[in-house]
Amino acid sequence: MEYKRNIMITGGAGFIGNHVVRLFVTKYPEYHIINLDKLTYAGNLANLKDVENAPNYTFVKADICDFDKMMELFKTYQIDGVINLAAESHVDRSIKDPFTFAHTNVMGTLTLLQAAKLSWEASATGFEGKRYYQISTDEVYGALAFDGTLFTEDTKYLPHSPYSASKASADHFVRAFHDTYGMPTIITNCSNNYGPYQFPEKLIPLFINNIRHGKPLPVYGKGENVRDWLYVVDHARAIDLVFHEGKTADTYNIGGFNEWKNIDLIKVIIKTVDRLLGYEEGHSLKLITHVTDRKGHDLRYAIDSTKLKNELGWEPSLQFEEGIEKTVRWYLDNQAWMDHITSGAYQKYYEDMYKNR
Ligand code: NAD
Ligand code: DAU
């Protein structure tokens, strides 16, 4: 079948990626969606069970750092749009192992950019009708003080962690490909996402699972750091909008205007889990355990997403209270998904599945 567009979404088996893939596959039956994922520890095809048999969906297990493979895929599928979510995403891991972050996030992005550039330049229509979209983070802007200021699209990049340094570097390459070669690129910088299918190394799913099992809740330092939280489906909606209507070479911030001090957020999670599990209020507060702070822990992130609202009309659809209730319920209702990960069974499954290919 001839599709209207052939879009490669990388990192589609990860947390945000599965929501983006699901949205595109179901909303645009006229598009062919190619989900390219290396299936690292963070990639999980169980996240996409509901769309895996859709006729307009193809999964490819591959590494964005593999240039020859990327060239082959651009040709085979006649890719005209890329949404790059593939990355190493966890700050704590980047502190222990910065090389992997530079490799995947910087070299992987550069590899994808170069493959897109060469393939598109060689096509009959050149860059016309093509788009390379890089999914970035608010962490590239550095950290804010407790002074009410917000990151805007004009805030200078000042990354602190190896993770944010690698994401910032990738963004610079994306801009360089536009400024040097005229490639149609676009970037968005989003705040902390929460919702279903997040790998349980991140604060919210980790804490929900630990409360359920009566395990300690490791709060870094005093728990006073602030993050701005956005429901992941609202991020996916923003990505859809920017992919279709964003201005080439532009940047848009995406955030929820929803700042929470970690310790206050943790208390909301405890309260919600306790209520849904039928415990008396305050039952799990005793699990809070203050531990050594994260090295270089950024104090505060807060995104100003006014530009996206004014120019493209995007706003979060969910209030935080509703989003966190949905999220806690989802993790409690999907304990099998969680157990599959925490037991390590899901990785064994992929090893067996791909051993002979
Ligand atoms: P995640 O860790 O849950 O998923 C990353 C996915 O990328 C996994 O499926 C993994 O297998 C895949 N991947 C990793 N290396 C790869 C490679 N070399 N080739 C192909 N696939 C590879 O991450 P996430 O939280 O879903 O984040 C997705 C993107 O959004 C990242 O670029 C991240 O920097 C960005 N982001 C995340 C947040 C957030 O709050 N989670 C906020 C803003 C931006
Ligand atoms: O801001 C966007 C970023 O949000 C994304 O770019 C990253 O990919 C994503 O992982 C997330 O980064 P954070 O470091 O903010 O998320 P994390 O869930 O790891 O931590 C949230 C806050 O909670 C942070 O201040 C550290 C703290 N924390 C985290 C963990 C895992 C704890 O206090 N204890 C914990 O065990």
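Coordinates for the structure precede this section.
Residues numbered from 1 in each chain as written. Chains lettered and ligands numbered in written order. Predicted model: local features only at pLDDT ≥ 70, side-chain atom pairs only at ≥ 80, totals over all residues. Heavy atoms only, no water.

Chemist: Looking at this structure, I do not really get the side chain of N35. What am I missing?
Modeler: The residue N35 is located in strand β2 (residues 31-37) in this model. Within polar-contact distance, the side chain of N35 engages the backbone nitrogen of G12 at 3.1 Å. Among the polar contacts listed, one links the side chain of N35 to the side chain of Y57, at a separation of 3.0 Å. The residues touching N35, leaving out its near neighbours within four places in the chain, are I9, G11, G12, A13, V21, L48, Y57, T58, F59 and V60. (Helix = DSSP H or I, 4+ residues; strand = E, 2+ residues; numbered from the N terminus. Polar contact = N/O pair within 3.5 Å; in protein donor to acceptor, adjacent residues only side chain to side chain. Contact = heavy atoms within 4.5 Å.)

Chemist: Before we go on, may I ask you to explain the site of ligand 2 in this structure?
Modeler: Every one of the 24 residues lining ligand 2 counts as a neighbour, but D138, Y163, N192, R294 and H297 are closest to it. Between an oxygen atom of ligand 2 and a side-chain N or O atom of Y163, the distance comes to 2.6 Å. Between an oxygen atom of ligand 2 and a side-chain N or O atom of N262, the distance comes to 2.9 Å. When ligand 2 is considered free in solution it has 690 Å² of accessible area, and contact with the protein chains removes 94% of it. Listing elements by their share of the shell around ligand 2, those giving two or more residues are α6 (203-212) and β8 (217-220). In the shell around ligand 2, the residues fall into ten nonpolar, eight polar and six charged. (Near = heavy atom within 4 Å. Areas by Shrake-Rupley, 256 points an atom, 1.4 Å probe, with all protein chains shown as cover. Nonpolar A, V, L, I, M, F, W, Y, C, P; charged D, E, K, R; others polar.)

Chemist: What am I meant to see in the pattern of salt bridges here?
Modeler: Once their charged atoms are close, side chains differing in charge can pair, the charge on each being opposite to the other. A complete count under the given rule lists 19 salt bridges for this structure. Between R5 and D80 there is a salt bridge; the shortest N-O distance is 3.1 Å. Of this pair, R5 sits in strand β1 (residues 5-10) while D80 sits in the loop between α2 (67-77) and β4 (81-84), placing them 75 residues apart in sequence. When its relative accessible area of 14% is taken as the criterion, D80 is described as buried. Across the pair K49 and E52 runs a salt bridge, and its minimum N-O distance is 3.5 Å. The class for E52 is partly exposed, based on a relative accessible area of 35%. Each of R93, E201 and K202 takes part in salt bridges that share partners, so that together they form one network. (Salt bridge = Lys/Arg side-chain N within 4 Å of Asp/Glu carboxyl O. Buried < 20%, exposed > 50% of the residue type's maximum accessible area, 1.4 Å probe, protein only.)

Chemist: Would you mind going over the packing of aromatic side chains with me for this structure?
Modeler: Any aromatic ring pair is given by two values, namely how distant the centres are and how the planes are angled relative to each other. Within this structure, the stated rule accounts for 18 aromatic pairs. Judged by centre distance (5.9 Å) and plane angle (80°), the rings of Y197 and W337 are edge-to-face. Of this pair, Y197 sits in the loop between β7 (192-194) and α6 while W337 is found in helix α11 (residues 335-342), placing the two residues 140 residues apart along the sequence. Note on accessibility: Y197 and W337 belong to one class, buried. Ring-pair connections join several aromatic residues into one group, and the members of that group are F24, Y28, Y31 and F243. Over the face of the ring belonging to Y41 we find R93, whose NZ or CZ atom lies 3.5 Å from the ring centre. Looking at K307, its charged tip hangs above the ring of Y252, at a distance of 4.9 Å from the centre. (Phe/Tyr/Trp six-rings, centres within 6.5 Å; stacked < 30°, edge-to-face > 60°. Lys NZ or Arg CZ within 6 Å of the ring centre and 35° of its normal.)

Chemist: Can you help me understand α6 in this one?
Modeler: What sets the pattern is the α-helix's 3.6 residues per turn: residues three or four places apart point alike. The buried fraction of α6 amounts to seven of the ten residues, a majority that puts the element mostly inside the structure. Here α6 has its buried residues at I204, P205, F207, I208, N209, N210 and I211. Those residues of α6 that are buried are in contact with β7, β8, β9 (226-231), α8 (262-277), α10 (320-333) and α11. Immediately beyond the C-terminal end of α6, within one or two residues, lies G214, with a positive phi of roughly 65°.

Chemist: Explain the layout of surface pockets here, please?
Modeler: To find leftover empty space, a probe the size of one water molecule is rolled over the atoms. Put simply, the second largest pocket is a space of about 460 Å³. Along its surface, the second largest pocket is lined by 20 residues, and F74, Q78, I79, S123 and K130 are the ones closest to its centre. Contributions of two or more residues to the lining of the second largest pocket are made by β1, α2 and α4 (98-121). Of the residues contributing to the lining of the second largest pocket, the split by class is eight nonpolar, five polar and seven charged. (1 Å grid on protein atoms, 1.4 Å probe; cavity = no way out; pocket = protein on both sides within 12 Å on 5 of 7 lines; lining within 4 Å. Points joined across faces, edges and corners; volume = space filled by probe spheres on them.)

Chemist: Where do I start with the site of ligand 1 in this structure?
Modeler: Taken together, 28 residues lie around ligand 1, and I16, D37, S89, Y163 and K167 are the ones closest in. Note that an oxygen atom of ligand 1 is positioned 3.0 Å from one of the backbone N or O atoms of T40. For ligand 1, whose accessible area on its own is 840 Å², the fraction buried by protein is 97%. Put simply, the parts of the chain that give the shell around ligand 1 at least two residues each are α1 (15-27), β5 (131-137), α5 (162-181) and β7. A total of three residues in the shell around ligand 1 trace back to one element, the largest contributor, which is β5. Across the shell around ligand 1, the residue classes break down as 13 nonpolar, eleven polar and four charged.

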